[in-house]
Amino acid sequence: MSRKLNAPRGTADVLPDQAALRQRVEETARELLESAGYGRIETPAFEATELFSRGVGAATDIVEKEMYSFDDGGGRSLTLRPEGTAPVCRAYVEHGMHKLAAPVKLYYLGSFFRAERPQAGRYRQFWQVGAEALGSEDPAVDAELIVLLHQLLTRIGAGGLRLRLSSLGNPASRSEYRDELVAYLRAHSNRLSEVVQGRIEQNPLRAFDSDDPSTREVMASAPRLLDRLPAEDLEHFAEVRALLDGAAISYEIDTTLVRGLDYYTRTVFEFTSDDLGGGGQSTVGAGGRYDGLVELLGGPPTPGVGWASGIERILIASHAEAVAPAPPDLYVAHDGATAAAFAVALEARAAGLRVELELGGRSLKGQFKHAERLNARFVAVVGEETLSLRDRASGTERLVSLDELVGHVKRGIAS
Ligand code: HAM
């Protein structure tokens, strides 16, 4: 026998019983987002590498060490998409969507790729449902998106949810703040972890993310961006909060909230679930505003805001259990009259019934057993000249014509 092969590390097969759970998340997301006017967009699974180095940021973990990049054979570098916001903004610019009425509201459902160390809730290929609204600065867009994500997570039954919220302001005030933070970190560098010391210049905000106890102590008294925001950004943030208060969504303001992507401006948020493991994997969905991203990708100045949520994490947080498929209405058995049985199955299916046809070469007795295992309500026994219908609920059997069969089954399952 040849050596067997397994799925690559950090990836998983989705088998039918788990697929049914995912489908529920996908259908709920679709229903919720479409009823709020979001239209589906799907972008390619790979993009020019530059889209992410420019859009997500060259100094982020994602771009520095988590991308699956490859040469397309013609000297161009492509990357399996690690996230969906930069691709959606690329598509927005490419298709001139700024000419549409604002905001342009889009959602996506698809798989994403990050070369991370695999663990519970963290995979190398994972699925996200995401939503993006482009073209409006209105704080109501931020609040509406947060409410939609909250509704999605609660409808699916994610447990122990917490919402952390902050504002990062605009690039100018952030750059002033950044200088202040760099000076502070330099003044305390002897008490910072090596990793944090190594990226003081490159990414000082990430210092708030550190698990190192001594670094955490230093960061407890570090200057906070939220205390340095200009009035208009503070006002924007206050309006987002007021709308969330009005919608009875509880949240904690977390001034240390840093997202691992560089494009954020103003509102940022993360939903964590106590029912997911600790560490980075407790985030079930996250997002924020990215008012400069479209312009950075060659489009006109366009505000934007959105979120994405990992489908595997939603399922873990909601303790979703495998669901049995719905039983067939009709099982079509036969003892060699294959063509006639085939025709009966197709006809009954065309009439809207859930139908399974005998395909396993079983004896008639074996077929009845199988119909019982599947919990099919009716069994049609097809001969070359005869057709009989057995109602497994009442134990009755009668000869029927093909025309009568569907009516009998429909009446039976409706009763
Ligand atoms: P993100 O925080 O990198 O943001 O990812 C969003 C969500 O995707 C996470 O909260 C998590 O549920 C899921 N996720 C991320 N990485 C993994 C992984 N390795 N395994 C399993 N699940 C994972 C973004 O991707 C932004 N594009 C969100 C956004 C949209 N911001 C604005 N618009």
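Quick look at the structure, then. Every chain is numbered on its own, with residues counted from 1 as its sequence reads. pLDDT decides what is reported in this predicted model: residues at 70 or higher carry local features, side-chain atom pairs at 80 or more are listed and counted, and totals for whole chains, interfaces and linings draw on all residues regardless. Just so you know, side-chain values use all the structure's heavy atoms and leave hydrogens and water out.

**A short note on the packing of helix 12 (residues 338-350) against helix 14 (residues 402-414)**
Packed helices, taken two at a time, are described by their axes: the angle between them and the distance between them. Every axis in this analysis is a line fitted to C-alpha atoms, fitted for helices over the stretch in contact. Angles between the N-to-C directions lie between 0 and 180 degrees. In this text, helices come from DSSP runs of H or I with a minimum length of four residues, and strands from runs of E with a minimum of two, each type numbered from the N-terminal end. Look at helix 12 against helix 14: their axes get within 10 Å of each other, and the N-to-C directions meet at 50 degrees. The orientation of helix 12 relative to helix 14 falls into the category oblique. Pair helix 12 / helix 14 crosses with right-handed handedness. Counting all contacts with helix 12, which are made through V344, E347 and A348, the residues of helix 14 involved are L402, L405 and V406. Any residue that is not Ala, Val, Leu, Ile, Met, Phe, Trp, Tyr, Cys, Pro, Asp, Glu, Lys or Arg is counted as polar, Gly included; the first ten are nonpolar and the last four charged. Considering only residue class, the contact of helix 12 with helix 14 consists of five nonpolar, no polar and one charged. Geometric relationships in this document are graded by angle, where less than 35 degrees denotes roughly parallel, more than 145 denotes roughly antiparallel, 65 to 115 denotes roughly perpendicular, and other angles denote oblique. By convention the crossing between two helices is left-handed if the near helix lies anticlockwise of the far one by an angle smaller than a right angle, and right-handed if it lies clockwise. Residues count as neighbours in contact if any of their non-hydrogen atoms are within 4.5 Å of one another.

**Let's talk about the side chain of R206**
With respect to the element layout, R206 can be found in the loop between helix 7 (194-198) and helix 8 (213-220). The class for R206 is buried, based on a relative accessible area of 12%. With residues near it in sequence (within four places) discarded, R206 still touches D61 and R199. The rule is simple: take the accessible area with a 1.4 Å probe, protein chains only, and divide by the maximum for that residue type; under 20% is buried, over 50% is exposed, in between is partly exposed.

**With respect to the site of the ligand**
Close to the ligand lie 26 residues; E83, E116, Y123, E132 and Y264 are nearest. Side-chain polar atom of Y263 to a nitrogen atom of the ligand: 3.0 Å apart, as the coordinates give it. Here a polar contact is taken to be a pair of N or O atoms separated by no more than 3.5 Å, where protein atoms must pair a possible hydrogen donor with a possible acceptor and residues adjacent in sequence count only if both atoms sit in side chains. Backbone polar atom of T283 to an oxygen atom of the ligand: 3.4 Å apart, as the coordinates give it. We get accessible surface area from the Shrake-Rupley algorithm with a probe of 1.4 Å; when it comes to residues, only the shown protein chains can shield them. When isolated, the ligand has an accessible area of 660 Å², and the protein chains bury 96% of it. Those elements that place two or more of their residues in the shell around the ligand are strand 6 (125-134), strand 10 (283-289) and strand 11 (304-310). Looking at the shell around the ligand element by element, the count peaks at six residues for strand 10. Residues of the shell around the ligand, tallied by class, amount to ten nonpolar, nine polar and seven charged. Any residue with a heavy atom lying within 4 Å of a molecule or strand is counted as near it.

**Things to note about the sheet that holds strand 16 (residues 396-399)**
Two strands are counted as paired when DSSP detects at least two bridges linking them. Taken in spatial order, the five strands of this open sheet run 13-12-14-15-16, and their pairing is mixed. This sheet does not close on itself; its edge strands, each paired only once, are strand 13 (355-357) and strand 16. The sheet shows a mean angle of 20 degrees between the axes of neighbouring strands, taken without regard to direction. The pairing of strand 12 (residues 330-334) with strand 13 spans three bridges and is classified as parallel. Within strand 13, the residue paired with V332 across the bridge is L357.

**Points about the pairing of strand 12**
For a regular strand, side chains alternate in direction, first toward one face of the sheet and then toward the other. Counting buried positions along strand 12 gives five out of five residues, so the element sits mostly inside the fold. Here strand 12 shows no split at all, with L330, V332 and H334 on one side and Y331 and A333 on the other all buried. Since strand 12 and strand 13 lie parallel, the crossover through helix 12 that links them has a hand, and here it is right-handed. By convention a crossover is right-handed if, when the strands point away from the viewer, the path from the first strand over the helix to the second runs clockwise.

**Focus on the layout of surface pockets**
Approximately 530 Å³ is the volume found for the second largest pocket. Lining the second largest pocket are 27 residues; nearest its centre among them are R174, L261, D262, Y263 and Y264. At the level of secondary structure, the elements contributing two or more residues to the lining of the second largest pocket comprise helix 2 (49-57), helix 6 (171-187) and helix 10 (293-296). If one sorts the elements of the lining of the second largest pocket by residue count, helix 6 sits on top with four residues. Its residues assigned to classes, the lining of the second largest pocket comprises twelve nonpolar, eight polar and seven charged. Buriedness for pockets is judged along seven lines, at least five of which must meet protein on both sides within 12 Å for an open set on the 1 Å grid over protein atoms alone, while cavities are sets there where a 1.4 Å probe fits but cannot get out, and lining residues have an atom within 4 Å of a point. Grid points are joined across faces, edges and corners, and a volume is the space filled by probe spheres set on the points.

**A closer look at empty space enclosed by the protein**
What the rule picks out here adds up to one cavity of 30 Å³ or more. Of the pockets and cavities examined, the largest cavity occupies roughly 60 Å³. In this structure, the largest cavity is lined by S166, S167, L168, Y177, L205, F208, L225, L226, T255, T256, L257 and V258. A class-by-class count of the residues in the lining of the largest cavity yields eight nonpolar, four polar and no charged.

**Some thoughts on the pairing of strand 16**
Where strand 15 (residues 387-391) and strand 16 come together, four bridges link them in antiparallel fashion. Bridging across to strand 16, D391 finds its partner in T396. Two successive antiparallel strands, strand 15 and strand 16, enclose a turn made up of four residues, where G395 displays a positive phi of approximately 80 degrees.

**A short note on the sheet that holds strand 5 (residues 104-113)**
Strand order in the open sheet formed by eight strands is 1-5-6-11-10-9-7-8, and the pairing between neighbours is mixed. Two strands bound the open sheet, and with one partner strand each, they are strand 1 (39-40) and strand 8 (252-253). Relative to strand 6, strand 5 runs antiparallel, the two being bridged by ten bridges. The residue of strand 6 that forms the bridge with Y107 is A131. Along the sheet, helix 9 (residues 231-246) contacts strand 7 (161-167), strand 8, strand 9 (265-273) and strand 10; its crossing angle with strand 7, the most-contacted strand, is approximately 160 degrees.

**What to know about the packing of aromatic side chains**
Note on aromatic pairs: the rings of Phe, Tyr and Trp (six-membered ring only in Trp) are paired at centre separations within 6.5 Å, and the planes decide the class, stacked below 30 degrees, edge-to-face beyond 60, tilted for the rest. Summed over all chains, the structure comprises five aromatic pairs. For the ring pair Y263 and Y290, a centre distance of 5.7 Å and an interplane angle of 70 degrees mean the geometry is edge-to-face. Of the two residues, Y263 sits in the loop between strand 8 and strand 9 while Y290 sits in the loop between strand 10 and helix 10, which places them 27 residues apart along the sequence. Using a relative accessible area of 6% as the deciding quantity, one classes Y263 as buried. A relative accessible area of 1% means that Y290 is categorised as buried. Each residue in the set Y108, F112 and F126 is aromatic and connected to the rest through ring pairs, giving one cluster. Lying across the ring of F112, R81 places its NZ or CZ 4.2 Å from the centre. Between R390 and the ring centre of F368, over which it is positioned, the NZ or CZ distance is 4.0 Å. Working rule: Lys NZ or Arg CZ, within 6 Å of ring centre, within 35 degrees of ring normal, means a charge sits over the ring.

Keep in mind that these numbers describe shape and distance, not what the molecule does.
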